[in-house]
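Breakdown of the fold
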Amino acid sequence: MTIAAATPLPALPGVGERLGRYTVNRVEDLPEMQGHLILLTHQNGARHAHVVRDDDNSAFGVTFPTVPRDSTGVAHILEHIVLMGSQKYPVPDPFFAMLPRSLNTFMNAMTSNDWTTYPFSTRNEKDYFNLLGVYLDATFFPLMRYESFRQDGHRFEFETPEDPTTELKLQGVVYNEMKGAMAAPGAVMWRAFGKALFPDLTYANNSGGSPGDIPNLTYDNLRAFHAAHYHPSNAFFYTYGKLPLGRILDEIEAHVMSQFQAQTLDVSIPDQTPFTEPRQERVTYPGSDVERGTQVSVMWKLGLSNDADANLRWSVLSDVLLGNAGAPLTRPLIDSGLGSALADLSGYRDSFREGAFAVGLKGLGAGKVEEVQALVLDTLRAVVQDGIDPELIESSLHQFEIAQKEVSNSGFPYALGVMFRLLGPWLYGGDPLTGLRLDAQLEKLRADLAAGKVFEPMLQREVLDNPHRVTLELAPDPELVAHMAEQERELVQSLSADFTGEDRARIVAESLKLKELQAQENDPGVLPTLALSDVPASVPPVPYSTEQAGRALVARVPQPTGGLTYLDVQVRLPELPGDLLEVLPLYTSAVTKSGAAGQDYVALSRRMEAVTGGVSASASSGVRPDDLHLLRLAVSFSGKALARNAEALVAVMRDIIAAPEFTRERLEQLLKQRLAGLKASVVNSGNAYAERLAAAQVSPAASIGETWGGLSALDRLKHIVEEGGLDDLLDRFGRIHTLLLSGQPVLCLTATEDDLKLNLTPLTDLFTADAPVGHPLPRPRADGPQARVTDSPVAFNAVAFETVPYTHPNSPALLVLARLLRSEYLLKELREKGGAYGGSASFDPREGVFAMSSYRDPHILRTYRVFRDARAFLDTELGQREVTEAVLSASKALDPLTSPDTVGRLRFFGDQAGFTPEVQEAYKTRLLAVAMADLKRVMDAYLTPERAAYALVAGRDPNEEMNELGLSFTVQPV
């Protein structure tokens, strides 16, 4: 994000002013974000919130309350179907077709418990109105073809679609997606959470769809749900940026509002009848870790989540109790040794109409329900009896102050983060302003705190004395994957028991018709697009100054940070022995969560909470732009603070870097927490693990990445935790610390001009040794095809190739090739035809690795055939349009969305690594000149079978079926 203070903002309308058929209801200042909120209503009942800010990233979203009455996934499937062709854009998939025709910074659609939203953002004005037209037509005027319902919802299909004598199966993108989702413990916990606390409301249903219920959804029910819910009278519109509001409203009026009259739809959600006594529930998920795979959570229903005062107070109290390692609820639970980490969903939740609070433990064996429940209740009673330290409350309020002031696109566009902040209260009948401006609620809270205790009575009244409590056990079931497969077979048999020959012929005919439609060439020319001339040709300059401070190079970057200071300390490491390299991420994960400089982890965590917005550490490997094998390792420490606390931030970071203190007990806690997180992530992110495993076989940089964050890292962590490797690890940490202080430091300070004079010598003076920077030489793992078997009913397949470095003339063509294969080939073959939730091609131009993968995929053999046939696809009738769109899509990767907190560090550290503006501009120039002949040439040169590396994560051994392709996988359990 670039803030251009000189650009005049549009004039604000007045309250009561009419803008066409809209009426301005309120105009409110948003001083913390230097903006304004305008609330409007339309004659037909549509509500509109517009945030005016001097931000070149403009955003849009339309949200519909969607209240499912069953678990057929109607809201979720509808979210898919409306994006598959509309009246004005009758192509099969305008949403996916627009991805490469746009310079968007975000495009997606999401289904929650009781709403569905369609947001996008972009920095290009033409692109904004292109996307606006597509989104409006898709949501309000979708074609909703029967074939789309069968493709993405559910359908019967024979194993061989044209042969009714082969096995009959259930298929569908959402059906397969939810089979995978409901194998993940976090997803199972989330669904059980809503059902347990709100059993009489819509939250008892699975809005995404339960695999056993999805086949009950009919096409007519889907259409009726759209007609009722996707109407302007049931819509909440959101826009953001500095584009003229009048022009945006005119577009919405012309596209949508002029076609509708007001109607009444009751999407209200009543209050859940309170329980008269606590309850216990138990649910299971596919898992084989019966010794440590159980979670127990104790949860309560609270008051209305649109109550601004209560919402703030519960948010603060949740942070006080659970916000850091030394918090008064977190520490006793973890120190008990019962479990390894807090249970999923611990904390306050305002994502239901009525709020909820939950806390518990995971990493448990069976039979721990009563112990965990007693521990939680006893700890809460002790908190009420002993009282909460006022300093903890003040530290939490300090964190809220930082969150209010920070404007960041790191991880997610700020423009859409604002949307989700105001949607919370708005959708449930509250004041959307309270999601953006908390000054009135904070002032009242501080006054009440000054007058006496606030949070202790809340805990007693709303938690300890509240009978609406559920203790939920989430337990692994090693037989559940097989049981689910058997249930699916029984479901198919039940639904098809009365099928006649005519029914089977109809299924064949519908399958062939769907296959025919999927194979049809469609002209996306009806969709709006951008031209290559819309791609910014230059890399915007970011001013900074540098100075040498002893061995340290220091950059100071002036940015409009809104009163925050950001500090990065990157230490380039000397030669690192292999036994230290493999545990470097464990060091960086533990160093900010342990003690330092005479303070134990509790004292240090409270100190960080009081004076910083957080301090983190990470390990990274990097290459030069002209050499994929000249690697360099670094450890980076990053922190932020309000400018008034900048010196305190420096002191905290100095203590963590110079004098970390690890204890065996604390390290064991941290490693168990990390292990629990990694185990849970495999079923959700199996494609990422498969890609890392494949890439590690061909690329030195990727080999380090797999060592640090792949399945081998999970195996190593299991060994340390479960087989007694803690003492050895502590010794290795000591050696890493010594080498770290002999490394070469590079610092980057980002702040307003007035705050850039911060004294950094407490950090720069730490590094007095003179060890040269090391260059590790890990060998790619030429292990052959790898398969990892886990508790999943779906597969994650990958193939990877090492190619060329960033400055090589062929690199831009590989980046374009990845975008072309993803949008024009893999999406159709793996998702539309194969039923996988996702299919992707990617190219990392810095590491030089090209990969293809699938996500939540019902197939293995078929998918590897698709990967193999990618080269033949390039010889089909592809033209300049496809290449241009792939170039447009690729260009987004070279122009990431930044903000004041990130733009300086990206520029400075990029320059230090050799990725200067000149190098990046030369890359972009070559990218814009890529032609189809270049794509075929680079594929023939680098993506050949003899250069391929294969890996997959699945619930079954793939070797029997993969013999057809001459591939033999080494199979290991996860």
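Everything quoted here is computed from the prediction, not taken from an experiment.

What counts, and at which threshold
- Residues numbered from 1 in each chain as written.
- Predicted model: local features only at pLDDT ≥ 70, side-chain atom pairs only at ≥ 80, totals over all residues.
- Heavy atoms only, no water.
- Helix = DSSP H or I, 4+ residues; strand = E, 2+ residues; numbered from the N terminus.
- Rg over C-alpha atoms; globule rule 2.2 N^0.38 Å.
- Buried < 20%, exposed > 50% of the residue type's maximum accessible area, 1.4 Å probe, protein only.
- Areas by Shrake-Rupley, 256 points an atom, 1.4 Å probe, with all protein chains shown as cover.
- Lys, Arg positive; Asp, Glu negative; His and termini not counted.
- Charge placed at Lys NZ, Arg CZ, Asp CG, Glu CD.
- Axes fitted to C-alpha atoms, helices over the stretch in contact; angles between N-to-C directions.
- Parallel < 35°, antiparallel > 145°, perpendicular 65-115°, else oblique.
- Left-handed = near helix turned anticlockwise from the far one by under 90°.
- Contact = heavy atoms within 4.5 Å.
- Nonpolar A, V, L, I, M, F, W, Y, C, P; charged D, E, K, R; others polar.
- Pairing = 2+ DSSP bridges.
- Core = buried A, V, L, I, M, F, W, Y, C linked by side-chain atoms within 4.5 Å.
- Polar contact = N/O pair within 3.5 Å; in protein donor to acceptor, adjacent residues only side chain to side chain.
- Phe/Tyr/Trp six-rings, centres within 6.5 Å; stacked < 30°, edge-to-face > 60°.
- Lys NZ or Arg CZ within 6 Å of the ring centre and 35° of its normal.
- Salt bridge = Lys/Arg side-chain N within 4 Å of Asp/Glu carboxyl O.
- Expected span 1.5 Å × (residues − 1).
- pLDDT = per-residue confidence, 0-100.

**Some remarks on the overall build of the chain**
Along the chain, the regular secondary structure elements total 35 helices and 31 strands. At 28 Å, the chain has a C-alpha radius of gyration in line with the 30 Å of a compact globule built from 974 residues. Judged by the C-alpha coordinates and their principal axes, the chain covers about 80 × 65 × 65 Å. Taking all 974 residues of the chain together, the buried fraction comes to 59%. Roughly 36,200 Å² of accessible area belongs to the chain as shown, and the carbon and sulfur atoms make up 50% of that amount. Taking the average location of the 90 positive side-chain charges in the chain and that of its 124 negative ones, the two points are 2 Å from each other.

**Looking at the packing of helix α3 (residues 125–140) against helix α8 (residues 245–255)**
Here α3 crosses α8 at 30°, and the two axes come no closer than 10 Å. When the axes of α3 and α8 are compared, the pair comes out roughly parallel. Where α3 crosses over α8, the two elements pack in a sense that is right-handed. Mapping the contact onto sequence places Glu 125, Tyr 128, Phe 129, Leu 132, Gly 133 and Leu 136 in α3 and Arg 247, Ile 248, Glu 251, Ile 252 and His 255 in α8. Grouping the constituent residues of the contact of α3 with α8 by class yields six nonpolar, two polar and three charged.

**Comments concerning the sheet that holds strand β20 (residues 564–572)**
Taken in spatial order, the six strands line up as β18-β19-β25-β20-β23-β22 in an open sheet, and their pairing is mixed. Two strands bound the open sheet, and with one partner strand each, they are β18 (545–549) and β22 (615–624). For this sheet, the mean angle separating the axes of adjacent strands, direction not counted, is 20°. Sheet topology places β18 next to strand β19 (residues 552–558); five bridges connect them, and they run antiparallel. Note that in β19 the partner of Glu 547 across the bridge is Val 554. Relative to the sheet, helix α12 (residues 390–405) contacts β20 and β23 (627–642), its axis offset from that of β23 by approximately 115°.

**What about the nonpolar core?**
In terms of nonpolar packing, the biggest core is built from 89 residues, with Phe 60, Tyr 118, Phe 140, Leu 222 and Phe 237 touching the most fellow members. Among the elements that make up this core, the one with the highest residue count is α3 (nine residues). Core analysis: the next-biggest nonpolar cluster, separate from the first, contains 69 residues, Val 569, Ile 657, Ala 798 and Tyr 855 among them.

**Let's talk about the side chain of Lys 640**
Within the element layout of this structure, Lys 640 appears in strand β23. Polar contacts involving the side chain of Lys 640 include one to the side chain of Glu 406, which spans 2.8 Å. Here Lys 640 is in contact with Glu 406, Thr 565, Tyr 566, Thr 612, Gly 613, Gly 614 and Leu 649, once residues within four sequence places are set aside.

**Let's talk about the sheet that holds strand β28 (residues 838–844)**
Adjacent strands of a sheet pair through backbone hydrogen bonds, lying either parallel or antiparallel. An order of β28-β29-β27-β30-β26-β31 is seen for the six strands of this open sheet, with the pairing classed as mixed. Since the sheet does not close on itself, it has two edges, and those belong to β28 and β31 (970–973), each with one partner. Across the sheet, the axes of successive neighbouring strands diverge by a mean angle of 15°, strand direction being ignored. Strand direction decides the pairing type here: strand β27 (residues 796–802) and strand β30 (residues 949–954), joined by five bridges, are antiparallel. Note that in β30 the partner of Ala 800 across the bridge is Ala 949.

**Observations regarding unusual backbone geometry**
Its identity is not glycine, yet Met 144 carries a phi of approximately 50°, on the positive side. Relative to the elements of secondary structure, Met 144 occurs in the loop between α3 and α4 (146–153). Given a relative accessible area of 4%, Met 144 falls into the buried group.

**Things to note about the packing of helix α20 (residues 601–611) against helix α21 (residues 646–658)**
α21 packs onto α20 with a crossing angle of 155° between their chain directions and a minimal axis gap of 10 Å. Looking at the two axes, α20 sits roughly antiparallel to α21. Where α20 crosses over α21, the handedness of that crossing is left-handed. Together, Leu 604, Arg 607, Met 608 and Val 611 of α20 and Ala 648, Ala 651, Val 652, Asp 655 and Ile 656 of α21 make up the contact between the two elements. Its residues assigned to classes, the contact of α20 with α21 comprises seven nonpolar, no polar and two charged.

**Regarding the packing of aromatic side chains**
On inspection of all chains with the given rule, the structure shows 45 aromatic pairs. Note on Tyr 118 and Tyr 230: the rings are 6.0 Å apart at their centroids and 70° apart in plane angle, and the pair reads as edge-to-face. Highlighted residues: Tyr 118 in strand β8 (residues 115–122) and Tyr 230 in the loop between α7 (219–229) and β11 (236–241), separated in sequence by 112 residues. Residue Tyr 118 is classed as buried on the basis of its relative accessible area, which comes to 0%. The ring of Tyr 601 is capped by Arg 666, whose NZ or CZ atom sits 4.0 Å from the centre of that ring.

**Here we look at the pattern of salt bridges**
A full pass over the atoms with the stated rule returns 62 salt bridges. The salt bridge involving Glu 964 is made with Arg 865; its shortest N-O contact spans 2.6 Å. With Glu 964 in the loop between α35 (959–962) and β31 and Arg 865 in helix α29 (residues 861–868), this pair connects stretches of sequence that are 99 residues apart. Three or more residues are tied together by salt bridges with common partners; here these are Arg 26, Glu 28, Asp 431, Arg 437 and Asp 439.

**Overview of α12**
For α12, built from 16 residues, the straight-helix expectation of 22 Å at 1.5 Å per residue is met to within 8% by its first-to-last C-alpha distance of 23 Å. Within α12 the residues assigned to the buried category are Leu 392, Ile 393, Ser 395, Ser 396, Leu 397, His 398, Gln 399, Phe 400, Ile 402 and Gln 404. Taking the backbone nitrogen of Glu 391 as reference, a side-chain oxygen 2.9 Å away marks Asp 389 as the first, capping residue of α12.

**A closer look at the environment of Glu 391**
Among the structural elements, Glu 391 can be located in helix α12. Owing to a relative accessible area of 60%, Glu 391 belongs among the exposed residues under this scheme. Taking the C-alpha atoms as reference points, Glu 391 and Pro 232, separated by 159 residues in sequence, lie 48 Å from one another.

**Some thoughts on the confidence of the model for the chain**
Mean pLDDT over the chain: 94, with 99% of residues reaching 70 or higher. Below a pLDDT of 50 lies the segment residues 1–6, which in the model reaches 16 contacts outside its immediate sequence neighbourhood of four places, other chains included.

**Observations concerning the side chain of Asn 234**
Position of Asn 234 relative to the elements: it lies in the loop between α7 and β11. Its relative accessible area of 4% is what places Asn 234 among the buried residues. At a separation of 3.1 Å, a polar atom in the side chain of Asn 234 contacts the main-chain carbonyl oxygen of Pro 65. In terms of polar contacts, Asn 234 uses its side chain to reach the backbone carbonyl oxygen of His 229, at 2.9 Å. Once residues within four sequence positions are removed from consideration, Asn 234 is found in contact with Arg 47, Thr 63, Phe 64, Pro 65, His 229, Leu 265 and Val 267.

**Here's the deal with the pairing of strand β5 (residues 58–65)**
Counting buried positions along β5 yields eight of eight residues, so the element is predominantly enclosed. Burial of the side chains of β5 extends over both faces: Ser 58, Phe 60, Val 62 and Phe 64 are buried on one face and Ala 59, Gly 61, Thr 63 and Pro 65 on the other. The pairing of β5 with β8 spans eight bridges and is antiparallel. Bridging from a neighbouring strand, Phe 64 pairs with Thr 116 of β8.

**Quick notes on the environment of Met 939**
With respect to the secondary-structure elements, Met 939 resides in helix α34 (residues 932–942). Owing to a relative accessible area of 4%, Met 939 belongs among the buried residues under this scheme. Measuring from C-alpha to C-alpha, the distance between Met 939 and Leu 817 comes to 8.1 Å, with 122 residues separating the pair along the chain. With residues near it in sequence (within four places) discarded, Met 939 still touches Leu 817, Leu 821, Ala 870, Arg 871, Leu 874 and Thr 944.

**A word on the environment of Leu 143**
The topology assignment puts Leu 143 in the loop between α3 and α4. We classify Leu 143 as partly exposed; its relative accessible area is 29%. For the pair Leu 143 and Val 256, spaced 113 residues apart in the sequence, the C-alpha separation amounts to 15 Å. Once residues within four sequence positions are removed from consideration, Leu 143 is found in contact with Gly 85, Ser 86, Gln 87, Pro 90 and Arg 223.

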